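# Chain and residue survey
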Amino acid sequence: MTTPSMPSPTPRRRRTFGVYIGRFEPPHAAHLAVMLEALQSVQKLIVVIGSARAARNIKNPFTAEERQDLISAMLQSAGIPKARVLFVHVRDYYYNEALWLSEVQAGVTAHTRGSSDVALIGHIKDESSYYLRSFPAWEFIPTHVVSPLSATDVRRAYFEGHLDTVQGMVPPTVHAFLTAFQATPDYRDLRDEYEYLARYRAAWKDAPYPPIFVTTDAVITRSGHVLLVRRGGLPGRGRLAMPGGFLEQKETLLDCCVREVQEETGLGSGLDLKASLRAQAVFDYPDRSLRGRTITHAFHFDLGIGQLPRLSGGSDASEALWMPLSDILASPELFFEDHHAIIEHFVMRG
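The present account deals with the structure reproduced in this document. Computed from a predicted structure; not experimentally measured.

The subject of this paragraph is the overall build of the protein. Helices and strands together make up the secondary structure of the protein, namely 10 helices and 12 strands. For 350 residues, the compact-globule estimate of 2.2 N^0.38 gives 20 Å, and the protein sits close to it at 23 Å. Overall, the C-alpha framework of the protein stretches about 75 × 45 × 40 Å when taken along its three principal axes. Counting the 350 residues in the protein, one finds 48% classified as buried. Long-range pairs, those at least 24 residues apart, make up 73% of the contacts in the protein between residues at least 6 apart in sequence. Roughly 16900 Å² of accessible area belongs to the protein as shown, and the carbon and sulfur atoms make up 52% of that amount.

Below, the structure is given as C-alpha cells:
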C-alpha cells in the first residue's frame, strides 16, 4: 500500500470533536491518512458516511454498514481505540440540499450532545468539496495529506479484476474485504453492470458532442399505493423503478410517458391516464444516471381511491406491482438511481 505524504500539522488547540465527511467507496489509504492526522487534533472523530441506504451500483458498491466496519477495522489496525471513532450515516438527497445538511447536522449533534467544540476536517480540491463551506458553525481544519488516490480509481481497478493494483491503494483490512467480496453474487452483478456501462459509453464515444438523453417517468398513485416496475435488464437489474423510458423522435413528453406506462405495466386499457395528471417536474441532477447525462421529465398521475388495477409486466420490466407508499418511503435502498427521490418529491407535496 502506498502511503500518502503527510507533513506534520501545525500544533493547535485540540478540539473535542472532529467531523470527516465522505462516501468512502471504498475507504483507501489517503482516507486512513486523513483520519490519523485528524485524530492528532481532536479527541473523537465523527465519520459521516454518505450515500447511505442506496442500492448497490458501481459508484456505490458497498453499504454504509460495510464501509463503517471497514473504517473501524483499518483504524483499529492502526492502533486507534474504537471509542475514539463515531459514525453518522447520511442518505443522498439529490434535489433537496437542505435535507442533506440537516441530516448531517442532526447526526453530528446526536454525538456531540450540544457541544460547540467541533471542527470540520477536509481538503478543498474542486467543486465536489463545496460541502466544506456549508457548516459555518464548525471550525474548518484543512488536512495536510497530499495524495493522488481516488476511490474512483480503486473501483475501476477492482471491477476490471486488478486486485494486485487495488492492494497498493487500500489498507490491508480493506483489501481482505474486497478479495472476499469478489466471490459474492453481489460482486458478479456489479461486474456485469460495470461491463454493460463500459459498452454503453463506448457506443457514444465518437459522437460529435457529449450526448444528452431525454426520458420520461410516471409516478402513478392509487389508494395509498404507487405503481412500480422491477427492472429486468441492466443497469439496475432487479431494482424498483418508476415506469418510464426514452423519448422517441415523433412524440411529446406526455405521450412518451403514457406509452411507457402501457408497455411496462399493462395499465391504460380503457383508462384516460392523461385526465388524472396532477403535476409534472424536470429532474436534471447531472450525475443522476451512470449511463451518461440523462434528463427525465416526471409526471404524477393520481387515480384516486378504489381497487388497484391489474398489471402485467412487459417491455424491459420483469414485474409490475403496486407498493404501499409507507413501504416505499421506508426503503430507498431498493430503488434504481434517483427514482426514490423523485417519488418522494411528488407524494410528499400533499
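Attention now goes to the packing of helix α1 (residues 29-38) against helix α2 (residues 64-77). Close contact between α1 and α2 brings their axes to 11 Å; oriented N to C, the two are set at 65 degrees. In this structure, α1 meets α2 at a crossing whose hand is right-handed. Within the contact between the two elements, α1 uses H31, L32, M35 and L36 and α2 uses I71, M74 and L75. Along the lines of polarity and charge, the residues of the contact of α1 with α2 split into six nonpolar, one polar and no charged.

What follows covers the sheet that holds strand β3 (residues 85-89). A sheet is described by the order of its strands in space; here five strands give the open sequence β3-β2-β1-β4-β5, paired in parallel fashion. The open sheet has two edge strands, β3 and β5 (139-142), and neither has a second partner. If you compare each strand with its neighbour and ignore which way they point, the axes differ by 30 degrees on average. Pairing geometry for strand β1 (residues 15-22) and strand β2 (residues 42-49), over seven bridges, is parallel. Note that in β2 the partner of R15 across the bridge is V42.

Take the pairing of strand β4 (residues 118-122) next. In terms of burial, β4 is largely enclosed, as five of its five residues are buried. Neither face of β4 is open: one carries V118, L120 and G122, the other A119 and I121, and all of them are buried. Of the pairings in the sheet, the one linking β1 to β4 comprises four bridges and is parallel in character. Note that in β4 the partner of Y20 across the bridge is I121. With four bridges joining them, β4 and β5 adopt parallel strand pairing. Paired with G122 across the bridge in β5 is P142.

What follows is about the nonpolar core. Formed by 42 residues in total, the largest nonpolar core has its most connected members in M35, L45, V47, I71, L75 and Y158. Ignoring any residue separated from it by four or fewer positions in sequence, one finds L75 in contact with L32, M35, L36, L39, I80 and V85. Ranked by size, the runner-up nonpolar core spans 19 residues in total, among them I46, L86, Y93 and F135.

Another aspect to go through is the pattern of salt bridges. One pass over the structure, following the stated rule, counts 19 salt bridges. One salt bridge in this structure joins R288 and D338, with 2.8 Å as the shortest N-O distance. Linking R288 in the loop between β10 (277-283) and β11 (294-302) with D338 in the loop between α9 (325-329) and α10 (339-347), this pair joins segments that are 50 residues apart in sequence. Grouping residues by exposure puts R288 and D338 together as buried.

To continue, consider α1. Most of α1 sits out of view: nine of its 10 residues are buried. Three or more residues of α1 are buried, namely A29, A30, H31, L32, A33, V34, M35, E37 and A38. Buried positions along α1 lie against β1, β2, α2 and β4.

What follows is about helix α3 (residues 97-112). Across its 16 residues, α3 extends 23 Å between first and last C-alpha, which sits within 8% of the 22 Å expected from 1.5 Å per residue. Buried residues of α3: W100, L101, V104, G107, V108 and T112, and no others. Along the axis of α3, the buried residues cluster in a sector spanning 135 degrees; they form a single face. Those residues of α3 that are exposed and angled more than 90 degrees off the buried face are A98 and A110. In this structure, the buried side of α3 is in contact with β1, β2, β3 and β4. Looking one or two places after α3, you find R113, whose phi comes out positive at around 55 degrees.

Definitions and limits used
- Residues numbered from 1 in each chain as written.
- Predicted model: local features only at pLDDT ≥ 70, side-chain atom pairs only at ≥ 80, totals over all residues.
- Heavy atoms only, no water.
- Helix = DSSP H or I, 4+ residues; strand = E, 2+ residues; numbered from the N terminus.
- Rg over C-alpha atoms; globule rule 2.2 N^0.38 Å.
- Buried < 20%, exposed > 50% of the residue type's maximum accessible area, 1.4 Å probe, protein only.
- Contact = heavy atoms within 4.5 Å.
- Areas by Shrake-Rupley, 256 points an atom, 1.4 Å probe, with all protein chains shown as cover.
- Axes fitted to C-alpha atoms, helices over the stretch in contact; angles between N-to-C directions.
- Left-handed = near helix turned anticlockwise from the far one by under 90°.
- Nonpolar A, V, L, I, M, F, W, Y, C, P; charged D, E, K, R; others polar.
- Pairing = 2+ DSSP bridges.
- Core = buried A, V, L, I, M, F, W, Y, C linked by side-chain atoms within 4.5 Å.
- Salt bridge = Lys/Arg side-chain N within 4 Å of Asp/Glu carboxyl O.
- Expected span 1.5 Å × (residues − 1).
- Arc of directions from axis to C-beta.

Worth remembering: the numbers are spatial, not functional.
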